[in-house]
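# Notes for the structure review
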Amino acid sequence: MKRVIASLLLALSALAAAWAQTPEEILTRMDQETSRFDAEGFVMVMEIKIPILGTMATTTYTRGDKYKMYMESGGSSVTSWSNGVTDWTYDSSKNELTIENAKVGQPTEADSNAKMLDSITDGYDVRLKKETDDTWVFRCTKSKDNKKKDDPKNIDLVISKTSYLPVSVKTGQSGVTVTLRDFAIGVTENDVTFDPEKYANAKVIDKRQ
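Described below are features of the structure shown in this document.

The rules behind these values
Residues numbered from 1 in each chain as written. Predicted model: local features only at pLDDT ≥ 70, side-chain atom pairs only at ≥ 80, totals over all residues. Heavy atoms only, no water. Helix = DSSP H or I, 4+ residues; strand = E, 2+ residues; numbered from the N terminus. Buried < 20%, exposed > 50% of the residue type's maximum accessible area, 1.4 Å probe, protein only. Polar contact = N/O pair within 3.5 Å; in protein donor to acceptor, adjacent residues only side chain to side chain. Core = buried A, V, L, I, M, F, W, Y, C linked by side-chain atoms within 4.5 Å. Contact = heavy atoms within 4.5 Å. Expected span 1.5 Å × (residues − 1). Arc of directions from axis to C-beta. Salt bridge = Lys/Arg side-chain N within 4 Å of Asp/Glu carboxyl O. Pairing = 2+ DSSP bridges. Axes fitted to C-alpha atoms, helices over the stretch in contact; angles between N-to-C directions.

Mapping Glu-33 onto the fold places it in helix α2 (residues 23-34). Overall, Glu-33 belongs to the buried group, its relative accessible area being 13%. Each C-alpha atom of the pair Glu-33 and Ser-163 lies 8.0 Å from the other, and the pair is 130 residues apart in sequence. In this structure the side chain of Glu-33 is engaged in a polar contact, spanning 2.7 Å, whose partner is the side chain of Arg-36.

See below:
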């Protein structure tokens, strides 16, 4: 019985500690966890909802300068890889593999997605909107002194109470809604490295110069 009571007290203490955290402390802890992305690699899903066209989702695996992006639609898929020097894109509907020189010095789509989390609350007034047993839900509202035209008016940020990683980041402009979700840390070199043997039967379009 004493062991049961002790275990309950520890659990209640952990809950109390979580409840006592301020929004600033929670966001700082999230920044600490997402800072592991570069060294350990990470995966996330980017979902874009466009009026009339519908919803498209892309899964991105990133590790260092390498990334792999996978998008499926209508029974076919497009997969892209890059190592910072060469880009490969495979279209399953055409069984075509396109090879190009990477655009050196320009941010990739994977980079842009990841950077959405860098100092995400800068230029925003943040309030804790609500919390559940598993998450904190924040509403980030663009500050009056934020003059960046491209910054959306609002960002909805959901953070896991277990991992302190974002559960989802949702924003929208001009009717287009963008949601980043399903974040996880830990991507291997194999996850992001193009393997030509798997596409030996594909039609190759080499655009390198």
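This paragraph deals with the nonpolar core. Phe-138, Leu-157 and Ile-159 are the most contacted members of the largest nonpolar core, which has 21 residues in total. Looking at this core, the elements with two or more residues in it are α2, β1 (42-50), β8 (135-142), β9 (154-160) and β11 (176-185). Ignoring any residue separated from it by four or fewer positions in sequence, one finds Phe-138 in contact with Pro-23, Ile-26, Leu-27, Val-126, Arg-127, Leu-128, Lys-129, Ile-155, Asp-156, Leu-157 and Ile-159. Formed by eight residues, the second largest nonpolar core is a distinct cluster that contains Trp-88, Tyr-90, Phe-194 and Tyr-199.

It is worth spelling out α2 at this point. Compared with the 16 Å implied by 1.5 Å per residue over twelve residues, the 17 Å span of α2 between its first and last C-alpha is a close match. Within α2, burial applies to Ile-26, Leu-27, Met-30, Glu-33 and Thr-34. All buried residues of α2 project into a common sector of 115° when viewed along the axis, lining one side.

Take the environment of Lys-153 next. Tracing the sequence through the fold places Lys-153 in the loop between β8 and β9. If we ignore the near neighbours within four places in the chain, the residues touching Lys-153 are Tyr-124, Cys-140, Thr-141 and Lys-142.

Looking now at the pattern of salt bridges. Enumeration over the complete set of coordinates arrives at ten salt bridges. A salt bridge links Arg-181 to Glu-47, with the nearest nitrogen and oxygen atoms 3.0 Å apart. One end of the pair, Arg-181, is in strand β11; the other, Glu-47, is in strand β1, with 134 residues separating them in the sequence. Of the residues examined, Glu-47 reaches a relative accessible area of 25% and is grouped as partly exposed.

Glancing now at the sheet that holds strand β2 (residues 54-63). The mixed open sheet is built from twelve strands, whose spatial order is β7-β8-β9-β10-β11-β1-β2-β3-β4-β5-β6-β12. The sheet terminates laterally at β7 (124-131) and β12 (203-206), the two strands that pair on one side only. Pairs of neighbouring strands in the sheet enclose a mean axial angle of 15°, with direction left out of account. As defined by bridge partners, β1 adjoins β2 across nine bridges and the pair is classed as antiparallel. Within the sheet, the bridge partner assigned to Val-43 lies in β2 and is Tyr-61. α2 rests against β7, β8, β9, β10 (166-173) and β11 of the sheet, and its axis sits at about 75° to β9.

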